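Each chain is listed here by its residues.
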Amino acid sequence: MRANPGGVLSPEEVIGRDKLIDQLWRVLETQSIVLTSERRVGKTSVIRKMVSACGDDRVCFLRDVEGFRSPTEFIEGIYADVEPILSKKERARLAIWGLLGKLGGTEIGHVKLPEIKSHWKNLIEALFQDIFAEEARPVIFFWDELPLFLYNVKETAGEQDAMELLDELRTLRQKHTRLRMVFTGSVGIHQVIGSLRKHGYANDPTNDMQTIEVPPLDPADGSHLAGLLIAGERIEVSCDPSLANRAFSESAGHIPYYIHCLISRIANNGVPVGSDEVKSCLQQLIADPNDPAHFQYYQSRLTTYYGAIEAQLALYALDVLASVGHPVHFAELWNLVQHKTADAKEELFRQVLLVLLKDHYLFRNPDGTYCFRYSIVQAWWAYTRG
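Residues numbered from 1 in each chain as written. Predicted model: local features only at pLDDT ≥ 70, side-chain atom pairs only at ≥ 80, totals over all residues. Heavy atoms only, no water.

**Quick look at the overall build of the protein chain**
So, step 1. Counting its regular elements, the protein chain contains 18 helices and seven strands.
So, step 2. For the protein chain, whose C-alpha radius of gyration is 23 Å, the value lies close to the compact-globule estimate of 21 Å for 386 residues.
So, step 3. Over its C-alpha atoms, taken along the principal directions, the protein chain stretches across nearly 70 × 55 × 35 Å.
So, step 4. Split into buried and exposed, the 386 residues of the protein chain put 52% on the buried side.
So, step 5. Approximately 17400 Å² of the protein chain is accessible, and the part contributed by carbon and sulfur atoms is 48%.
So, step 6. Where the 41 positive side-chain charges of the protein chain centre and where its 50 negative ones centre are 2 Å apart. (Helix = DSSP H or I, 4+ residues; strand = E, 2+ residues; numbered from the N terminus. Rg over C-alpha atoms; globule rule 2.2 N^0.38 Å. Buried < 20%, exposed > 50% of the residue type's maximum accessible area, 1.4 Å probe, protein only. Areas by Shrake-Rupley, 256 points an atom, 1.4 Å probe, with all protein chains shown as cover. Lys, Arg positive; Asp, Glu negative; His and termini not counted. Charge placed at Lys NZ, Arg CZ, Asp CG, Glu CD.)

**Remarks on the sheet that holds strand β5 (residues 209-213)**
So, step 1. With parallel pairing, the five strands of this open sheet are ordered in space as β2-β3-β4-β1-β5. One side of each edge strand has no neighbouring strand; the edge strands of this open sheet are β2 (59-64) and β5. Within this sheet the neighbouring strands show an average axis-to-axis angle of 15°, counted without direction.
So, step 2. Summarising the sheet, strand β1 (residues 32-36) and β5 pair through five bridges and their orientation is parallel. Looking at β5, one finds that Val34 is bridged to Thr211.
So, step 3. Where helix α2 (residues 43-52) meets the sheet, its contacts fall on β1, β2, β3 (139-144) and β4 (179-184), and the angle it forms with β3 comes to roughly 155°. (Pairing = 2+ DSSP bridges. Axes fitted to C-alpha atoms, helices over the stretch in contact; angles between N-to-C directions. Contact = heavy atoms within 4.5 Å.)

**Side note on the state of the cysteines**
So, step 1. Under the defined criterion, the tally for this structure stands at one disulfide.
So, step 2. Covalent S-S linkage joins Cys54 and Cys60, the inter-sulfur distance amounting to 2.3 Å. Measuring handedness by torsion sign, the sulfur bridge of Cys54 and Cys60 sits at about 75° and is right-handed.
So, step 3. There is no disulfide at Cys239, and the cysteine sulfur nearest it, in Cys281, is 14 Å away. (Disulfide = S-S within 2.5 Å.)

**Some points on the pairing of β3**
So, step 1. Of all six residues in β3, six are buried; the element is thus mostly enclosed.
So, step 2. Here β3 shows a buried face lined by Val139, Phe141 and Trp143 and a second buried face lined by Ile140, Phe142 and Asp144.
So, step 3. Inspection of the sheet shows β2 paired to β3 by six bridges, in the parallel sense. Within β3, the residue paired with Asp64 across the bridge is Asp144.

**Topic: the packing of helix α10 (residues 219-232) against helix α12 (residues 256-269)**
So, step 1. At their nearest, the axes of α10 and α12 sit 10 Å apart, and the two run at 30° to each other. It follows from the interaxial angle that α10 and α12 lie roughly parallel. Helix-helix and strand crossings are classified by hand; for α10 and α12 the assignment is right-handed. Along the contact surface, α10 presents Gly222, Leu225, Ala226, Leu229 and Ile230, while α12 presents Pro256, Ile259, His260 and Ile263.
So, step 2. Across the contact of α10 with α12, the residue classes break down as seven nonpolar, two polar and no charged. (Parallel < 35°, antiparallel > 145°, perpendicular 65-115°, else oblique. Left-handed = near helix turned anticlockwise from the far one by under 90°. Nonpolar A, V, L, I, M, F, W, Y, C, P; charged D, E, K, R; others polar.)

**What about the packing of aromatic side chains?**
For any pair of aromatic rings, geometry is given as the distance between the ring centres together with the angle between the planes.
So, step 1. Counted under the stated rule, the structure contains 18 aromatic pairs.
So, step 2. Considering the side-chain rings of Phe68 and Phe149, the 6.2 Å spacing of their centres and the 85° angle between planes classify their relative orientation as edge-to-face. Separated by 81 residues along the polypeptide, Phe68 in the loop between β2 and α3 (71-86) and Phe149 in helix α7 (residues 146-156) bring together distant segments of the chain. Here Phe68 matches Phe149 in class, with each residue buried.
So, step 3. Here the aromatic cluster, defined as three or more aromatic residues joined through ring pairs, consists of Phe61, Phe68, Phe74, Phe128, Phe141, Trp143, Phe149 and Phe183.
So, step 4. Residue placement shows Arg58 over the ring face of Trp25; its charged tip is 3.6 Å from the ring centre.
So, step 5. The residue whose ring lies beneath Arg350 is Phe330, and the NZ or CZ to ring-centre distance is 3.8 Å. (Phe/Tyr/Trp six-rings, centres within 6.5 Å; stacked < 30°, edge-to-face > 60°. Lys NZ or Arg CZ within 6 Å of the ring centre and 35° of its normal.)

**Focus on unusual backbone geometry**
So, step 1. With phi around 55°, Arg234 is a residue other than glycine that occupies positive phi space.
So, step 2. Here Arg234 lies in the loop between α10 and α11 (241-251).
So, step 3. A positive phi angle is found at Asp291, which is not glycine, with a value near 50°.
So, step 4. Inspection of the secondary structure puts Asp291 in the loop between α13 (275-287) and α14 (297-305).
So, step 5. A residue is classified by how much of its surface remains accessible, and Asp291, at 17% relative accessible area, is buried.

**Notes on the environment of Ile33**
So, step 1. Relative to the assigned elements, Ile33 resides in strand β1.
So, step 2. Separated by 108 residues in sequence, Ile33 and Phe141 place their C-alpha atoms 10 Å apart.

**Here's the deal with the environment of His190**
So, step 1. Secondary-structure assignment places His190 in helix α9 (residues 189-197).
So, step 2. The class for His190 is partly exposed, based on a relative accessible area of 23%.
So, step 3. Taking the C-alpha atoms as reference points, His190 and Phe128, 62 residues apart in sequence, are found 26 Å from one another.
So, step 4. Other than its neighbours up to four places away in sequence, His190 contacts Val355, Lys358 and Asp359.

So this is what it looks like as structure tokens:
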């Protein structure tokens, strides 16, 4: 097995996720899922592996929807996926084609026309009516980066379309008992819903879905993955192999992507591996100005998806936690942040911490103290932010 940081992994190369996948299939028997985690932890690899093993007793569709910017583009994507199902029936007998005919459209691409754009809700309802008229098995849609798609809709088509799309998806789940949806994305859907609430959105469009987190690998699985990659890259090990495997996994926070990054870097360096070399490799990865591991995303995302004041408070909180290097209680954290800004409001700061927890920047320990969720992110933050 070769190191492949950021590349598409084959199902057999997705290590240590079998128990999680079994759990997800069990939940999907009764509910749809919001699959959450920080970027690069492995959400997309998990759903790709699930779709590859979908079996004959259900129908699965996987699509990355990040590039869509309107509900009609989304409908076009769904239609392209389900066309093999719809091809079983003559076009004239399909509800969606009947509706398109009434609206003046003759091809699915015509949903972009102005006279059809305002009817997208009718179109998606007709499309799902056709799907379940033809398919008796459960149908599962895996939509990767759905929160980013909703953010694009909000920015391009407007908040109203984003609100109505969320509500429409919930309505479809309630109407079709064999329909399941899996939402994943590097931006949490709570961010999008939170921004819509500022424009009057009061609904809870995912309260019928179960939220499940994709965690880092179990340490044993992380070590196993490291061992497979070391063998695949034919890296010479200068210490006990089990110690080297564990050192790679621990340095990467047991996150598969960063394990791949570290071993790829070691393989390119062409040096024998011991514990010291792993630590040196991690520091080189963090310090590399080209940012091959894309750590900068953790900082730039704050200014994109947080309000200006909230983003500044988030930066202060993360700076403090990176600098002190140990978990701290709220009172200490709040006091240290106040040294950076005299204008901070305590209640707003509490809300920012809650969002940082949901966005997987932070973790709150049983004793109430806050710390970085992932050690590798803390190491990068401390180095980059001084």
